Amino acid sequence: MSRDLGSYPSVAREVIRLLDYGFLIVAGTALGDRNDKYDREWRWGETAGLFHFSIKYTQYIDAGSSIAAMTERC
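Residues numbered from 1 in each chain as written. Predicted model: local features only at pLDDT ≥ 70, side-chain atom pairs only at ≥ 80, totals over all residues. Heavy atoms only, no water.

The subject of this paragraph is the overall build of the protein. From N to C terminus, the protein includes 4 helices and 0 strands. Its C-alpha atoms give the protein a radius of gyration of 20 Å, clearly above 11 Å, the size a compact globule of 74 residues would have. Overall size of the protein, expressed as C-alpha extent along the three principal axes, is 60 × 35 × 20 Å. Counting every position in the protein, which comprises 74 residues, the buried fraction comes to 4%. (Helix = DSSP H or I, 4+ residues; strand = E, 2+ residues; numbered from the N terminus. Rg over C-alpha atoms; globule rule 2.2 N^0.38 Å. Buried < 20%, exposed > 50% of the residue type's maximum accessible area, 1.4 Å probe, protein only.)

This is the structure we're talking about:
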């Protein structure tokens, strides 16, 4: 059964938000093509992929700074 999302404005807003954040991927788009390439070429498993891509913009600090930051939290 097909329903028009326009009849459900809150659902339509949420779908658009998920598309904007890249959590929903549409086939035939640049992101869809990238996802297809990932499916074909990533060889290390889903868990490794989630880890690898989730740390993309992580800021690393040296051991001394890390220890100091953890000490401040205690």
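The structure having been displayed, the exposition proceeds.
Our focus in this paragraph is the layout of surface pockets. Considering only enclosed or pocket space, the largest pocket measures out at about 570 Å³ in volume. If you go around the largest pocket, you meet 15 residues; those closest to its centre are Leu31, Arg34, Asn35, Tyr38 and Phe53. Broken down by secondary-structure element, the contributors of at least two residues to the lining of the largest pocket are helix H2 (30-41) and helix H3 (46-54). Top contributing element to the lining of the largest pocket by residue count: H2, with 6 residues. Across the lining of the largest pocket, the residue classes tally to 8 nonpolar, 3 polar and 4 charged. (1 Å grid on protein atoms, 1.4 Å probe; cavity = no way out; pocket = protein on both sides within 12 Å on 5 of 7 lines; lining within 4 Å. Points joined across faces, edges and corners; volume = space filled by probe spheres on them. Nonpolar A, V, L, I, M, F, W, Y, C, P; charged D, E, K, R; others polar.)

Our focus in this paragraph is the environment of Tyr38. Inspection of the secondary structure assignment puts Tyr38 in helix H2. On the accessibility criterion, Tyr38 (28% relative accessible area) is partly exposed. Aside from chain neighbours lying at most four places away, what touches Tyr38 is Gly45, Glu46, Gly49 and Phe53. (Contact = heavy atoms within 4.5 Å.)

Below, the discussion takes up the confidence of the model for the protein. Regions with low pLDDT carry predicted coordinates that are not meant to be interpreted in detail. Taken residue by residue, the protein gives an average pLDDT of 86. The fraction at 70 or more is 92%. Here H3 is the element of the protein with the lowest mean pLDDT, 85, and H2 is the one with the highest, 92. (pLDDT = per-residue confidence, 0-100.)

Considering all chains together, one arrives at 3 aromatic pairs under this definition. Here the aromatic rings of Trp42 and Trp44 are separated by 4.8 Å at their centres, their planes lie at 70°, and the arrangement is edge-to-face. Of the residues examined, Trp42 reaches a relative accessible area of 21% and is grouped as partly exposed. Through pairs of rings, three or more aromatic residues link up here, namely Tyr38, Trp42 and Trp44. (Phe/Tyr/Trp six-rings, centres within 6.5 Å; stacked < 30°, edge-to-face > 60°.)

Throughout the structure, instances matching the rule amount to 1 salt bridge. Here Arg17 and Glu14 are joined by a salt bridge, their closest N and O atoms 2.9 Å apart. Taken together, the residues span about one helical turn, with Arg17 and Glu14 both in helix H1 (residues 9-20) at a distance of 3 residues. With relative accessibility at 33%, the residue Glu14 sits in the partly exposed group. (Salt bridge = Lys/Arg side-chain N within 4 Å of Asp/Glu carboxyl O.)

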